[in-house]
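Listed below are the residues making up each chain.
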Amino acid sequence: MKAIKPAAIGLVTLAFVALAAGVAGHAAAPAIDPDAPHYTADGKFIPPTNYREWVFLSSGIDMSYSDAAASSGMHVFDNVFAPRAAYDAFKRTGVWPDKTVLIVENRGGATKGSINKAGQFQTGDVMGAEAHVKDTARFKGGWGFFAGLTSGKPAALIPYTVDCYSCHEQHAAADTTFVQFYPTLLPVATKLGTLSPAYLAEEAGRGH
């Protein structure tokens, strides 16, 4: 067998060390969480593509928070989704963990279709989608709203002067979110004592 010269051994050793360092560096790279909020360099929210695989919280039809809501003759379902980890954390604590993203997707409703004769079912017509994002280091009050997500393009923050912020602060059941409409989570917040004083006062005023 031909002897390997010391210089060659040194080169082999250096190559191995470099390869090992590269592998270690690659392994140490942080994984990207697809359920966490992501933003562009100018602060726009990047819509998640996998939200329909999250936990389905609830669905409402033709809901409106205004007594003067106008009827357009169209029916709309709103579907709310939350990441599994955020959902599990809420069940433990009664509040949403930081970096929670809640998605509300609006779909058209219809009566006539297939064998259906009455009531409403959801169609494939996605009419809009919004995000409610908890990011305490980024947003005033901890939460930010984004709309127009169906385009798939990054969305700018809805200004804090828009009514959605004050409405959630004044009427949301827990952690400025409308948990009162999420039947699997309202009992959790009730049991853990995380219902907001404003919501409790409202319910007491209605005799609940």
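Conventions and cut-offs
Residues numbered from 1 in each chain as written. Predicted model: local features only at pLDDT ≥ 70, side-chain atom pairs only at ≥ 80, totals over all residues. Heavy atoms only, no water. Core = buried A, V, L, I, M, F, W, Y, C linked by side-chain atoms within 4.5 Å. Buried < 20%, exposed > 50% of the residue type's maximum accessible area, 1.4 Å probe, protein only. Helix = DSSP H or I, 4+ residues; strand = E, 2+ residues; numbered from the N terminus. Contact = heavy atoms within 4.5 Å. Salt bridge = Lys/Arg side-chain N within 4 Å of Asp/Glu carboxyl O. Phe/Tyr/Trp six-rings, centres within 6.5 Å; stacked < 30°, edge-to-face > 60°. Pairing = 2+ DSSP bridges. Axes fitted to C-alpha atoms, helices over the stretch in contact; angles between N-to-C directions.

**Student:** Quick question: what am I supposed to make of the nonpolar core here?
**Tutor:** One broad rule of soluble globular proteins: the nonpolar side chains tend to lie buried together. Within the largest apolar cluster, 19 residues are counted, with the highest numbers of intra-cluster contacts made by Leu 57, Phe 90, Trp 96, Val 179 and Leu 185. Residue assignment for this core shows that the elements contributing at least two residues are strand S1 (55-61), strand S2 (75-82), helix H2 (84-93) and helix H4 (186-192). Per element, the largest residue contribution to this core is 3 residues, and it comes from H2. If sequence neighbours within four positions are ignored, Phe 90 has contacts with Val 95, Trp 96, Ala 174, Val 179, Leu 185, Val 188, Ala 189 and Leu 192. Within the second largest apolar cluster, 14 residues are counted, among which are Tyr 51, Val 101, Val 133 and Phe 146.

**Student:** When you look at the environment of Glu 130 in this model, what are you seeing that I'm missing?
**Tutor:** Along the chain, the position of Glu 130 falls in strand S4 (residues 121-134). C-alpha separation for the pair Glu 130 and Val 80, spaced 50 residues apart in sequence, amounts to 9.6 Å. Other than its neighbours up to four places away in sequence, Glu 130 contacts Leu 102, Ile 103, Val 104, Phe 146, Ala 147 and Leu 149.

**Student:** Looking at this structure, I do not really get the pattern of salt bridges. What am I missing?
**Tutor:** Close approach of charged atoms allows side chains with opposite charge to pair. The final tally for this structure, using the stated rule, is 10 salt bridges. Linking Glu 105 and Arg 52 is a salt bridge whose minimum nitrogen-to-oxygen distance equals 2.5 Å. With Glu 105 in strand S3 (residues 101-110) and Arg 52 in the loop between helix H1 (6-28) and S1, this pair connects stretches of sequence that are 53 residues apart. Under the relative-accessibility criterion, Glu 105 is labelled buried at 1%. The class for Arg 52 is partly exposed, based on a relative accessible area of 46%. Here Glu 202 and Arg 206 are joined by a salt bridge, their closest N and O atoms 4.0 Å apart. Note on Glu 202: relative accessible area 23%, which makes it partly exposed.

**Student:** Could you clarify how one ought to interpret the packing of aromatic side chains in this entry?
**Tutor:** Working definition: an aromatic ring pair is given by the centre-to-centre distance plus the angle between the planes. In total, this model carries 12 aromatic pairs according to the counting rule given. Each residue in the set Tyr 39, Phe 45, Phe 139 and Phe 146 is aromatic and connected to the rest through ring pairs, giving one cluster.

**Student:** Sorry, what's going on with the environment of Glu 169 here?
**Tutor:** The topology assignment puts Glu 169 in helix H3 (residues 163-171). By relative accessible area, Glu 169 is classed as exposed at 53%. Sequence separation between Glu 169 and Tyr 199 is 30 residues, and the spatial gap between their C-alpha atoms is 9.4 Å.

**Student:** Help me understand the sheet that holds strand S5 (residues 143-146) in this model?
**Tutor:** Note: strands within a sheet are paired through backbone hydrogen bonds, in either parallel or antiparallel orientation. Reading across the sheet, the 5 strands line up as S1-S2-S3-S4-S5 and stay open at both edges, with antiparallel pairing between neighbours. Edge positions in the sheet fall to S1 and S5, since each has one partner strand and no second. The mean inter-strand angle of the sheet, taken between neighbouring strand axes irrespective of direction, is 25 degrees. Relative to S4, S3 runs antiparallel, the two sharing 9 bridges. Its bridge partner being in S4, Val 104 is matched across the sheet by Glu 130. The strands touched by H3 are S4 and S5; relative to S5, the strand with the most contacts, the crossing angle is about 135 degrees.

Read these as layout, nothing more, since geometry by itself doesn't imply function.
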